[in-house]
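Notes for the structure review
Here are the chains, one letter per residue:
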Amino acid sequence: MVPPQPSPKSEFIRGMKEVVPVLFGMLPFALILGVQGAEKGMSVLEMPLMTGLNFAGGSEFAAVGLWGDPLPVLLIIGVTFMINTRHILMGAALAPYLRHLPMKRALPALFFMTDESWALGMADALKRKAQGLPAFSLPYYMGTALTLYVMWVLLTALGTAVGPQLGNVEAWGFGMAFPAVFLVLLRGMWKGFKAALPWLVSLIAAAAVYLTVDGAWYVPAGALAGLAAAYLAEESA
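Keep in mind that this is a model prediction, so the values were computed, not measured. (Residues numbered from 1 in each chain as written. Predicted model: local features only at pLDDT ≥ 70, side-chain atom pairs only at ≥ 80, totals over all residues. Heavy atoms only, no water.)

1. Considerations on the overall build of the protein chain
- When helices and strands are counted, the protein chain shows twelve helices and zero strands.
- Secondary structure elements of the protein chain occur, N-terminal to C-terminal, as α-α-α-α-α-α-α-α-α-α-α-α.
- Expressed as a percentage of contacts within the protein chain between residues at least 6 apart in sequence, the contacts between residues at least 24 apart total 78%.
- Only carbon and sulfur atoms are counted for the fraction: they give 71% of the accessible area of the protein chain, which is about 13200 Å². (Helix = DSSP H or I, 4+ residues; strand = E, 2+ residues; numbered from the N terminus. Contact = heavy atoms within 4.5 Å. Areas by Shrake-Rupley, 256 points an atom, 1.4 Å probe, with all protein chains shown as cover.)

Laid out in structure tokens, this is it:
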């Protein structure tokens, strides 16, 4: 017997509540990005436009690092594309849960996908499956994703506005907050070494390229290696 399912509204609110701990880890990074943008001459309008249209923290830090006058548009686009290739692997893992949805619902879910909302959504899917519920809750996922989106855009804009008064935010020691939160999320998704093998392959490939090749090539290298490992594992199963 399938347990009664909660309403989409309650699931959306549950997602908003459960993403709160992640927001505490995100706060210093958003402020740091805003401060760095202010130091590069970005305005309070330019920062939220960038973070709102390209909702991916790693590539945003890279874009701010390349920001200058004249603006190297093609270089920023290229580096952003390379860093965001990790979303290929994340999207492939999420695709089985979205393939039944119409495009008008699936595309927004993918646009707002970040490392954190993806990890929360996947971890929640495992819990729901164990409870006998449909594996993926789109309202829950969107509750996490939209909350992260709104807060990230607002906080990066705030960092740009008040950056000159904050000084060196990186020296406050909050740098480990975000990675620590993400590691906790991944721990909740652990299903054994075999399932984690593509991620291990991705990590090794990315580390090897990072140590031997200049630039951001380690990101697509890690993503492609992980995809290849996942494909080969599925073929041999």
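Here the narrative resumes, following the displayed structure.
2. Some remarks on the packing of helix α3 (residues 46-53) against helix α4 (residues 57-66)
- The contact between α3 and α4 brings their axes to 10 Å, and the two run at 140°. With respect to α4, the axis of α3 lies oblique. The two elements α3 and α4 cross, and the hand of that crossing is right-handed. Side by side, α3 and α4 meet where Met47, Met50 and Thr51 of the first sit next to Glu60, Ala63 and Val64 of the second.
- Residues that form the contact of α3 with α4 fall into these classes: four nonpolar, one polar and one charged. (Axes fitted to C-alpha atoms, helices over the stretch in contact; angles between N-to-C directions. Parallel < 35°, antiparallel > 145°, perpendicular 65-115°, else oblique. Left-handed = near helix turned anticlockwise from the far one by under 90°. Nonpolar A, V, L, I, M, F, W, Y, C, P; charged D, E, K, R; others polar.)

3. Re the UniProt feature "transmembrane region" (unreviewed entry) in the protein chain
- Within the UniProt annotation, "transmembrane region" (unreviewed entry) is assigned to residues 20-37, 138-163, 169-186 and 193-211.
- End-to-end, the C-alpha atoms of residues 20-37 are 25 Å apart, and along that stretch the chain is 100% helix and 0% strand.
- Summarising residues 138-163: 100% helix, 0% strand, and an end-to-end C-alpha distance of 36 Å. (UniProt positions renumbered as here; feature names shortened; annotations may be inferred.)

4. Topic: the nonpolar core
- Leu94, Leu138 and Tyr141 are the most contacted members of the largest nonpolar core, which has 39 residues in total.
- Here this core takes ten residues from helix α9 (residues 138-166), the largest share from any one element.
- Residues in contact with Tyr141, not counting those within four places in the same chain, are Leu94, Ala109, Phe112, Met113, Ser117, Trp118, Gly121 and Phe136.
- Ranked by size, the runner-up nonpolar core spans five residues in total, among them Ala62, Val79, Ile83 and Val219. (Core = buried A, V, L, I, M, F, W, Y, C linked by side-chain atoms within 4.5 Å. Buried < 20%, exposed > 50% of the residue type's maximum accessible area, 1.4 Å probe, protein only.)

5. Quick word on the pattern of salt bridges
- With the rule as written, the count across this model stands at four salt bridges.
- When the shortest N-O distance is used, the salt bridge between Glu11 and Arg14 registers 2.8 Å. Of the two residues, Glu11 and Arg14 both sit in helix α1 (residues 8-18), three residues apart, roughly one turn of that helix.
- Using a relative accessible area of 6% as the deciding quantity, one classes Glu11 as buried.
- Residues Glu18 and Arg14 are paired through a salt bridge, measuring 3.5 Å at the closest nitrogen-oxygen approach. Pair noted here: Glu18 and Arg14 are both in helix α1, with a separation of four residues, about one helical turn. (Salt bridge = Lys/Arg side-chain N within 4 Å of Asp/Glu carboxyl O.)

6. A look at the side chain of Thr114
- Mapping Thr114 onto the fold places it in the loop between α7 (103-111) and α8 (115-130).
- Taking relative accessible area as the criterion, Thr114 reaches 6% and is therefore assigned buried.
- The contact partners of Thr114, leaving out residues within four places of it in the chain, are Phe55, Met90 and Leu148.

7. A few points about the side chain of Asn54
- Position of Asn54 relative to the elements: it lies in the loop between α3 and α4.
- Setting aside anything within four residues of it in sequence, one finds Asn54 in contact with Ser59, Glu60, Thr80 and Asn84.

8. Remarks on helix α2 (residues 20-39)
- Compared with the 28 Å implied by 1.5 Å per residue over 20 residues, the 29 Å span of α2 between its first and last C-alpha is a close match.
- Within α2, the axis deviates most sharply at Met26, by approximately 35°, and proline Pro28 lies no more than four positions further along.
- Looking one or two residues beyond α2, the residue adopting positive phi is Gly41, at roughly 95°. (Expected span 1.5 Å × (residues − 1). Bend = angle between axes of the 7 residues up to and from the residue.)

9. A short note on the environment of Ala135
- Along the chain, Ala135 falls in the loop between α8 and α9.
- Apart from residues no more than four positions distant in its own chain, Ala135 is found in contact with Tyr97, Asp124, Ala125 and Arg128.

10. A few points about a nonpolar patch on the surface
- Where nonpolar side chains cluster on the molecular surface, the patch consists of Leu71, Val73, Leu74 and Ile77 and spans about 400 Å² of accessible area.
- You can call Val73 partly exposed: its relative accessible area is 44%. (Patch = residues over 30% accessible without salt bridge, like charges linked within 9 Å, V, L, I, M, F, W, Y side chains within 5 Å.)

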